[in-house]
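# Coordinate inspection notes
The residues making up each chain are set out below.
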Amino acid sequence: MPVLRHLVTTTPWWDTVDVLAVHVAGPLVAADPAPRTTMDAWIGEDDRWIVRTALLHQLRHGRRTDADRLFRHRLLRAGHPDFFVRKAIGWCLREYAETGPEAVRAFVDGARDRLSPLPARKALKNLDRGRRAHGENRSTPPGGYAMLMGMFRYVFLAARPAVAAAPKAAVSLATVLAAAAADAAFAAAAAPIGGARS
């Protein structure tokens, strides 16, 4: 997870962080329980992008979502002042509402005094409209143009200065890591964890 942390915290913005959270951290946690402890540690950090990664990593897990962890993480950061953290709280709840609508409604009702209005409103958005596609995710983490621009942003703004300052032996490693991150993100976008989307 140190490489993922480096990628998340190097010139971060929502476009790169969301792709890394959903398409790199998410599959790692789904494949092996060990990184869950890292997500549990990251949720308590001060860096908003590390926190956002921990909040978003289960976004595409659908029926395989660890609901206890999902709700626990939201409660831990319910009072966070940052817009991007609050939005991530609501986004994940809205996505999980596609699979567990009653659980999300009960969570929001029980935590309404702790949640800010943005995540509470976002969590119930589709439920209040009566739109559900059980087990399928309607919204998509950055894809297409946004994902491509996010990866370009990382490669050119973050990797290029690191490569320029690195010894020759490290240049190939940095290039390989940037290419691997891009390949993983595009492969994950083509075959999402949550299954087919409507």
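The structure presented is a predicted model; accordingly, all values stated were derived computationally and were not measured.

Rules and cut-offs
- Residues numbered from 1 in each chain as written.
- Predicted model: local features only at pLDDT ≥ 70, side-chain atom pairs only at ≥ 80, totals over all residues.
- Heavy atoms only, no water.
- Helix = DSSP H or I, 4+ residues; strand = E, 2+ residues; numbered from the N terminus.
- Buried < 20%, exposed > 50% of the residue type's maximum accessible area, 1.4 Å probe, protein only.
- Contact = heavy atoms within 4.5 Å.
- Areas by Shrake-Rupley, 256 points an atom, 1.4 Å probe, with all protein chains shown as cover.
- Salt bridge = Lys/Arg side-chain N within 4 Å of Asp/Glu carboxyl O.
- Core = buried A, V, L, I, M, F, W, Y, C linked by side-chain atoms within 4.5 Å.

### Re the overall build of the protein
If you tally the helices and strands in the protein, you get ten helices and zero strands. Its helices and strands in sequence order give the protein the pattern α-α-α-α-α-α-α-α-α-α, from N to C terminus. Counting across all 198 residues of the protein, residues that qualify as buried make up 47%. Nonlocal contacts in the protein, meaning residues at least 24 apart in sequence, comprise 73% of its contacts between residues at least 6 apart. Roughly 9,400 Å² of accessible area belongs to the protein as shown, and the carbon and sulfur atoms make up 60% of that amount.

### A word on the pattern of salt bridges
Applying the stated rule across the entire model yields eight salt bridges. Across the salt bridge formed by D109 and R112, the nearest N and O atoms sit 3.5 Å from each other. For R112, a relative accessible area of 42% translates into the label partly exposed. Within the structure, one salt-bridge network assembled from shared partners comprises D40, D66, R69 and R72.

### With respect to the nonpolar core
In terms of nonpolar packing, the biggest core is built from 42 residues, with F71, L93, V104, V108 and L115 touching the most fellow members. Counting only elements with at least two residues in this core, the list comes to α1 (2-9), α2 (14-31), α3 (35-42), α4 (48-56), α5 (67-76), α6 (83-96), α7 (101-111) and α8 (117-128). Excluding anything up to four places from it in sequence, V104 contacts F71, L93, Y96, A97, A123 and L127.

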